[in-house]
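Inside the fold
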Amino acid sequence: RRQRQMCIRDSLNGKVFDGVVFPGDVESTIDLTHTDTTLYYEILDNWVSLDLGITARYFENGLKIEDENDSANLDIDSIIPLGYAAVKFDLPLTGLFVGADGNIIKYDDTWIYDAKATLGWESSIGLGIEGGYRYFDVQYDENDDEVKQTIKGPFAGLFFHF
């Protein structure tokens, strides 16, 4: 599970969202919390790893807009299938690795690009640390509901590989 929440202050100047007219300044919160389930086939598994598969991504929340008088919500609450690919290069006998992985889908006016590049180290017992750069771009357009959001930047993490 990964958290992607962002709060933005803006002015809608009389625009309507979810049946509510917002006359001026608003605060919007976008929460792209999601859970992934990925099935993949390991094409290569030596010092070079290559995986291809499919991910089912369940978005749990959405967008909330509020001012001092009103609030309105757009719940995404959807399962979206994505193509999955990952590549990893291990530096032999060191535990160091470099890799990249991503999930992608595009249909109609909806797309999700979620990719990361990683540099890390894994111990002989499977405990490791990694860091890198992630780019997460979502455009969701369904039944007059629309969300456009890009989140990008560095990340760091701990993992246990079993």
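Anything mentioned here points back to the structure above.
Let us look at the structure shown here. Please read all numbers here as calculations on a predicted model, not as lab measurements.

Comments concerning the pattern of salt bridges
- Enumeration according to the criterion identifies 7 salt bridges in this entry.
- The shortest N-O distance in the salt bridge between Lys 116 and Asp 101 comes to 4.0 Å. Highlighted residues: Lys 116 in strand 11 (residues 110-122) and Asp 101 in strand 10 (residues 96-107), separated in sequence by 15 residues.
- Where Glu 130 meets Lys 116, a salt bridge forms, and the shortest distance between an N and an O atom there is 3.9 Å. A residue pair is termed long-range when its members are at least 10 positions apart, and Glu 130 in strand 12 (residues 127-142) and Lys 116 in strand 11 qualify at 14 residues.
- Taken together, the shared-partner salt bridges in this structure form one network comprising Asp 36, Arg 57, Asp 114 and Arg 134.

A closer look at the side chain of Asp 114
- As for its position among the elements, Asp 114 is in strand 11.
- Its relative accessible area of 4% is what places Asp 114 among the buried residues.
- Within the structure, Asp 114 has its side chain in polar contact with the side chain of Arg 134 (distance 2.6 Å).

Quick notes on the nonpolar core
- Within the largest apolar cluster, 20 residues are counted, with the highest numbers of intra-cluster contacts made by Leu 32, Phe 59, Ile 112 and Phe 136.
- Where this core is concerned, the elements lending two or more residues are strand 3 (20-22), strand 4 (25-31), strand 7 (62-66), strand 8 (71-75), strand 9 (78-90), strand 12 and strand 13 (145-160).
- The biggest single contributor to this core is strand 12, with 3 residues.

Description of a nonpolar patch on the surface
- A cluster of nonpolar side chains, Leu 91, Leu 96, Trp 121, Ile 129 and Leu 158, forms an exposed patch at the surface whose accessible area comes to about 520 Å².
- Among the structural elements, Leu 158 can be located in strand 13.

Comments concerning the environment of Ile 129
- In this fold, Ile 129 is placed in strand 12.
- With a relative accessible area of 46%, Ile 129 lands in the partly exposed category.
- Counting along the chain gives 31 residues from Ile 129 to Phe 160, while the straight-line C-alpha distance between them is 8.8 Å.
- If we skip the residues at most four places from it in the chain, Ile 129 touches Gly 120, Trp 121, Gly 157, Leu 158 and Phe 159.

A few points about the packing of aromatic side chains
- Scanning the entire structure with this criterion turns up 5 aromatic pairs.
- Seen from their ring centres, Trp 47 and Phe 89 are 6.4 Å apart, and the 50° between their planes marks the pair as tilted. You can see Trp 47 sitting in the loop between strand 5 (34-45) and strand 6 (48-59) and its partner Phe 89 sitting in strand 9, a full 42 residues away along the chain.
- Exposure remark for Trp 47: the relative accessible area of 51% places this residue in the exposed category.
- You can call Phe 89 partly exposed: its relative accessible area is 37%.
- Sitting over the ring of Phe 97, Lys 88 keeps its end group 4.6 Å from the ring centre.
- Stacked on the ring of Phe 136, the Lys or Arg Arg 134 has its end atom at 5.3 Å from the ring centre.

The rules behind the values
Residues numbered from 1 in each chain as written. Predicted model: local features only at pLDDT ≥ 70, side-chain atom pairs only at ≥ 80, totals over all residues. Heavy atoms only, no water. Salt bridge = Lys/Arg side-chain N within 4 Å of Asp/Glu carboxyl O. Helix = DSSP H or I, 4+ residues; strand = E, 2+ residues; numbered from the N terminus. Buried < 20%, exposed > 50% of the residue type's maximum accessible area, 1.4 Å probe, protein only. Polar contact = N/O pair within 3.5 Å; in protein donor to acceptor, adjacent residues only side chain to side chain. Core = buried A, V, L, I, M, F, W, Y, C linked by side-chain atoms within 4.5 Å. Patch = residues over 30% accessible without salt bridge, like charges linked within 9 Å, V, L, I, M, F, W, Y side chains within 5 Å. Areas by Shrake-Rupley, 256 points an atom, 1.4 Å probe, with all protein chains shown as cover. Contact = heavy atoms within 4.5 Å. Phe/Tyr/Trp six-rings, centres within 6.5 Å; stacked < 30°, edge-to-face > 60°. Lys NZ or Arg CZ within 6 Å of the ring centre and 35° of its normal.

By themselves, these observations are geometric and do not establish any function.
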